[in-house]
Amino acid sequence: LHRNPGETEFHQAVTEVLEALEPVVDRHPEYVEHGILRRMCEPERQIIFRVPWVDDSGEVQINRGFRVEFNSALGPYKGGLRFHPSVYLGIIKFLGFEQVYKNALTGMPIGGGKGGSDFNPAGRSDGEVMRFCQSFMTELYRHIGEYTDVPAGDVGVGAREIGYLFGQYKRLTNRFEAGVLTGKGLTWGGSLVRTEATGYGAVMFANSMLGTKGESMDGQKVLISGSGNVAIYAAAKAQSLGATVVTASDSSGYVVDEDGLDLDLLKQIKEVERGRISEYAQRRGGRSRYVEGGSVWDVPGTVAIPSATQNELDDAAARTLIKNGVKAVSEGANMPSTQKATELFLDAGILFGPGKAANAGGVATSALEMQQNASRDSWTFDYTHDRLEAIMADVHDRCMATADEYGAPGNYVVGANIAGFLKVADAMIAQGIV
Ligand code: NDP
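Residues numbered from 1 in each chain as written. Predicted model: local features only at pLDDT ≥ 70, side-chain atom pairs only at ≥ 80, totals over all residues.

Draft legend 1. View of the site of the ligand. As a matter of local geometry, the ligand sits amid 24 residues, with Gly228, Asp250, Ser251, Ala333 and Gly362 nearest to it. Per-element accounting of the shell around the ligand gives the leading share, 3 residues, to helix 9 (residues 229–240). The residue inventory of the shell around the ligand, partitioned by class, reads 5 nonpolar, 17 polar and 2 charged. (Near = placed C-beta within 6 Å. Helix = DSSP H or I, 4+ residues; strand = E, 2+ residues; numbered from the N terminus. Nonpolar A, V, L, I, M, F, W, Y, C, P; charged D, E, K, R; others polar.)

In structure tokens form, the structure reads like this:
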């Protein structure tokens with residue numbers, strides 16, 4: 001920890017993984033002998049760069065860009081780009097570290113990395129976002145490539161930003177290298193189901209967990225936080241499986257809609273108008289209420305799918321959820337539960353799907369996009385959806401089997417961390433001390 005001062009989110013992510021790995025280290029001293037744990041905590045490469053651009057009033061703005069190429073034992077670095085004012089090295093490193101094990105769990109041939117910037121897209125015009133993306137890519141392009149490092153979207157980086165980034169990459173390299181970015185538009189190398197994949201996958205994972213108790217998503221009352229890409233499609237999948245989704249939120253507050261969210265209205269406000277969640281309640285004609293600030297986890301429900309950001313669900317929220325009878329928590333976001341909250345869920349016997357397993361559907365479908373690009377093919381929605389469903393079922397079953405094998409039945413945190421780790425560690429040993 002002393003080598004990475006002040007990187008609190010990175011410390012948190014590493015601590016969780018190392019604690020889960022204790023039984024593995026006891027059984028397999030060779031991992032210690034090969035320095036695997038210490039090597040895994042040190043990214044292979046970290047790039048930090050200046051991103052200068054000119055805003056609409058003609059003023060020069062300076063942001064900081066990051067790309068942390070964490071581990072390439074299983075394939076090219078793969079992971080999203082986050083544009084949010086809270087971004088600093090500690091956030092990118094935590095996300096990159098988690099990504100390594102998540103990607104391993106998917107069974108796809110991809111390493112782990114993450115990047116982004118402290119740029120805040122909120123309130124910026126399309127022209128400003130484009131100029132920022134072009135400047136960002138003007139440095140990033142020399143570090144990425146279909147066999148090297150393949151970025152994608154994350155918070156603040158959606159279809160619009162991927163478009164601007166891809167356009168600038170193509171211009172700088174004079175190559176239409178579709179496999180260099182994922183999350184592309186459907187007419188220029190994108191994959192069907194990629195937009196929906198993370199949210200869909202988190203609900204599929206919840207459904208599988210509930211299945212172990214003879215239940216399903218059907219009839220559940222679902223709490224979702226966030227109202228971005230993951231939240232919207234988690235809500236869509238949950239409703240299609242017969243659940244009622246009663247909440248959504250943003251960083252200003254949350255809405256409660258006991259009838260179940262009106263997804264068309266939510267998409268119109270968030271995807272088309274880029275508006276705030278408060279507008280949802282205003283336009284729902286009295287059938288929904290908006291709560292400024294507060295905690296979405298105060299609302300009673302049986303399944304929780306945190307889909308906003310890291311550490312949004314703390315121990316107080318976990319206690320409230322448990323008291324209100326929550327049965328399953330499936331993390332759509334990355335590390336949304338604090339360590340204490342996670343422990344409370346596990347101690348209470350709640351079905352708890354950690355992000356690196358439950359939200360792996362997004363990156364898995366990105367890997368399917370890479371496959372389609374490599375074969376210059378594009379698959380149908382149904383075929384791609386079936387592949388996603390099979391991958392999520394496999395991730396669930398592998399986590400469960402690994403937890404059993406290492407003496408922690410039902411503990412998906414232990415299962416996910418160990419199953420992901422073993423795959424990466426064995427590949428690292430085979431490839432020598434590099
Ligand atoms: P979006 O940018 O589409 O949406 C993010 C949502 O979370 C918004 O509603 C936003 O509200 C809210 N939010 C973001 N930061 C904060 C904050 N500091 N406090 C409170 N609310 C916040 O992002 P995604 O939906 O893509 O990502 C959500 C989470 O899922 C992230 O943890 C991401 O890493 C993870 N994830 C995403 C994947 C994907 O495929 N998109 C894949 C795997 C994981 P506001 O507008 O007010 O900021």
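Draft legend 2. Inspection of the pairing of strand 3 (residues 77–83) at higher detail. The element strand 3 is largely enclosed, with a buried count of 7 among its 7 residues. Pairing analysis gives 4 bridges linking strand 3 to strand 5 (residues 149–152), with the strands arranged parallel. Looking at strand 5, one finds that Gly80 is bridged to Ala152. Alignment of strand 3 against strand 4 (residues 112–117), held across 3 bridges, turns out to be parallel. (Buried ≥ 20, exposed ≤ 12 C-beta atoms within 10 Å, placed from the backbone. Pairing = 2+ DSSP bridges.)

Draft legend 3. Geometry of the sheet that holds strand 11 (residues 303–305). The strand order 7-6-11-12-13 describes an open sheet built from 5 strands, whose pairing is parallel. The sheet is open, and its two borders are formed by strand 7 (244–245) and strand 13 (351–353), each paired with just one other strand. Pairing geometry for strand 6 (residues 221–224) and strand 7, over 2 bridges, is parallel. Pairing of Val222 across the sheet is with Val245, part of strand 7. Packing against the sheet, helix 8 (residues 194–211) makes contact with strand 11, strand 12 (328–330) and strand 13, and its axis sits at approximately 150° to strand 12. (Contact = placed C-beta atoms within 7 Å. Axes fitted to C-alpha atoms, helices over the stretch in contact; angles between N-to-C directions.)

Draft legend 4. Focus on the sheet that holds strand 4. A sheet is described by the order of its strands in space; here 5 strands give the open sequence 1-2-4-3-5, paired in mixed fashion. Two strands lie at the open edges of the sheet, namely strand 1 (45–54) and strand 5, each paired on one side alone. Here the average twist between neighbouring strands, direction ignored, is 20°. Two strands pair when backbone bridges link them, and strand 2 (residues 60–71) and strand 4 are joined in this way by 6 bridges, in the antiparallel orientation. Bridging across to strand 4, Val68 finds its partner in Lys114.

Draft legend 5. The arrangement of unusual backbone geometry in detail. In this structure, Met335 is a non-glycine residue whose phi angle is positive, near 50°. Structurally, Met335 is set in the loop between strand 12 and helix 13 (339–347). With phi around 50°, Arg376 is a residue other than glycine that occupies positive phi space.

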